[in-house]
Amino acid sequence: MADMKDLADAIIKGDMKTAVEVTKKALDEGVEPQKVLNDGLVAGMGVIGKRFKANEVYIPEVLIAARAMKSAMEVLEPKLTEAGVEPVGKALIGTVQGDLHDIGKNLVIMMLKGNGFEVVDAGVDVSPDAFVEKARSSGAKLIGLSALLTTTMPAMEKTIQALRNAGVEAKIMIGGAPITQAYSDKIQADGYAPDAASAVDLAMDLVVA
Ligand code: B1M
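Parameters at a glance
Residues numbered from 1 in each chain as written. Predicted model: local features only at pLDDT ≥ 70, side-chain atom pairs only at ≥ 80, totals over all residues. Heavy atoms only, no water. Donors = N, O, S within 2.8 Å, 3.2 Å for Na, K, Ca; no water. Helix = DSSP H or I, 4+ residues; strand = E, 2+ residues; numbered from the N terminus. Salt bridge = Lys/Arg side-chain N within 4 Å of Asp/Glu carboxyl O. Pairing = 2+ DSSP bridges. Contact = heavy atoms within 4.5 Å. Axes fitted to C-alpha atoms, helices over the stretch in contact; angles between N-to-C directions. Near = heavy atom within 4 Å. Polar contact = N/O pair within 3.5 Å; in protein donor to acceptor, adjacent residues only side chain to side chain. Domains from an automatic or database assignment. Buried < 20%, exposed > 50% of the residue type's maximum accessible area, 1.4 Å probe, protein only. Core = buried A, V, L, I, M, F, W, Y, C linked by side-chain atoms within 4.5 Å. Buried area = accessible area lost by both parts, 1.4 Å probe. Nonpolar A, V, L, I, M, F, W, Y, C, P; charged D, E, K, R; others polar.

A. Fine view of the coordination of the cobalt atom of the ligand. If you check the protein contacts of the cobalt atom of the ligand, you find one donor only, His 101 (NE2), at 2.2 Å. In this structure, His 101 sits in the loop between strand E1 (89–96) and helix H5 (103–114).

In structure tokens:
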């Protein structure tokens, strides 16, 4: 039987092959996709995050862990999205200019898709102008900005200003490890979510309720 601890360990070791195999096995055995995500993938990445912070591992180890997580997420994503039937809304989600972190953003996207949203992934290092252009071309009713670096937080404010100045009326939510509710209030986002699950609740409140 697939063990979520084995999956978390595979992510920690950056063992892509095992991470994909255990993810597939767990899904074949009927383990809830949400459990695979939280107890396996996110748990493993959380350990890497703590070790990186404590200087116990370095960027190469983090990169191979991220690569293992991404491969396993490719297996998991269709199962998470299967839960959604009719799209409940269209969202545009990206990581702001100067910031290349995409694991959290991708989780938010998966969770939104899993809860019935149609999502356009704007990618990483997205400039304010590019957000405006993608907001217009997609017609998304919800725009999500992610930032993981304190140095890229100001790009969120610039992006919000650019969107408002361009007359984009979509609701804007923000998130990422350094973001707080106070910062969200300060830059006049429509909402802040501390994690991917809360992002879904917030998205529902902003565009569905
Ligand atoms: Co980076 N990095 N990194 N990194 N990295 C952090 C963020 C850092 C805290 C590590 C540390 O020093 N302790 C630190 C930032 C310090 C700061 O600004 N205060 C840091 C640094 C400094 C850097 C570099 C500058 C390192 C260097 O080159 N010297 C560099 C910057 C590159 C750039 O972006 N320009 C860099 C590079 C990298 C890698 C490329 C090696 C890799 C990214 C790989 C990738 O994303 N594809 C990486 C990683 C993996 C991390 C850590 C270890 C893990 C981040 C992560 O994926 N967490 C991180 C340390 C840590 O977090 N402890 C670190 C797991 C993920 C699920 O969580 O993204 O927070 P998170 O997302 C959560 C919530 O925040 C929320 O939901 C998610 C799921 O629950 N959320 C949202 C996120 N976005 C949201 C959007 C929403 C709503 C909720 O609405 C739209």
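B. Inspection of the pattern of salt bridges at higher detail. All chains considered together, the criterion is met by eight salt bridges. Here Asp 9 ties to Lys 5 by a salt bridge, and the two come within 3.1 Å at their closest N and O atoms. One end of the pair is Asp 9 and the other is Lys 5, both in helix H1 (residues 4–13) and four residues apart, which spans about a single turn.

C. View of the sheet that holds strand E5 (residues 191–192). Strand order in the open sheet formed by five strands is E2-E1-E3-E4-E5, and the pairing between neighbours is parallel. With partners counted over all chains shown, the strands left at the sheet margins are strand E2 (117–126) and E5, one partner each. As paired elements, E1 and strand E3 (residues 142–146) share five bridges and run parallel to each other. For Gly 94, the partnering residue across the bridge sits in E3 and is Leu 145. Sheet contacts for helix H7 (residues 153–165): E1, E3 and strand E4 (171–175); angle to E4, the most-contacted strand, approximately 175 degrees. Together, E2, E3, E4 and E5 form the strand contacts of helix H9 (residues 196–208), whose direction differs from that of E4 by roughly 170 degrees.

D. The site of the ligand, seen in detail. Taken together, 32 residues lie around the ligand, and Leu 100, His 101, Asp 102, Ser 146 and Thr 150 are the ones closest in. With respect to the ligand, the backbone of Ala 177 contributes an N or O atom lying 3.3 Å from an oxygen atom. Elements supplying a minimum of two residues to the shell around the ligand: helix H3 (33–53), helix H4 (59–82), H5, E3, E4 and H9. Counting the residues that make up the shell around the ligand, at least three belong to each of domain 1 (4–82) and domain 2 (89–208).

E. Structural view of the side chain of Ser 138. Checked against the element boundaries, Ser 138 lands in helix H6 (residues 128–138). Given the relative accessible area of 14%, Ser 138 is considered buried. A polar side-chain atom of Ser 138 sits 2.7 Å from the main-chain carbonyl oxygen of Lys 134. For Ser 138, the residues in contact, after removing those within four places along its chain, are Lys 90, Leu 92 and Val 120.

F. Spotlight on the nonpolar core. Judged by nonpolar contacts, the single largest core of 47 residues is most densely connected at Ile 11, Val 36, Leu 37, Leu 41, Met 45, Leu 112 and Met 173. Elements represented by at least two residues in this core include exactly H1, helix H2 (16–28), H3, H4, E1, H5, E2 and H9. Setting aside residues no more than four positions away along its own chain, Leu 112 makes contact with Ala 91, Ile 93, Phe 117, Val 119, Met 173, Ala 199, Val 200 and Ala 203. Counting 26 residues, the second largest nonpolar core, distinct from the first, contains Val 96, Ala 122, Ala 135 and Ile 187.

G. Region of the structure containing the domain arrangement of the protein. Assigned domains of the protein: these are domain 1 (4–82) and domain 2 (89–208). Summarising the inter-unit geometry, the C-alpha centres of domain 1 and domain 2 are found 24 Å apart. Listed per partner, the contact involves 11 residues of domain 1 and eight residues of domain 2. Buried surface at the junction of domain 1 and domain 2, summed over both partners, amounts to about 850 Å²; 75% is from carbon and sulfur atoms. Of all residues in domain 1, the largest losses of buried area upon contact with domain 2 belong to Met 73, Glu 77 and Leu 80, amounting jointly to 44% of the total for that side. When the shortest N-O distance is used, the salt bridge between Asp 102 and Lys 70 registers 3.4 Å. There are one residue pair in polar contact (both at pLDDT 80 or more) connecting domain 1 and domain 2. Here the side of domain 1 that touches domain 2 takes seven residues from H4, the largest share from any one element. Its residues assigned to classes, the side of domain 1 that touches domain 2 shows seven nonpolar, two polar and two charged.

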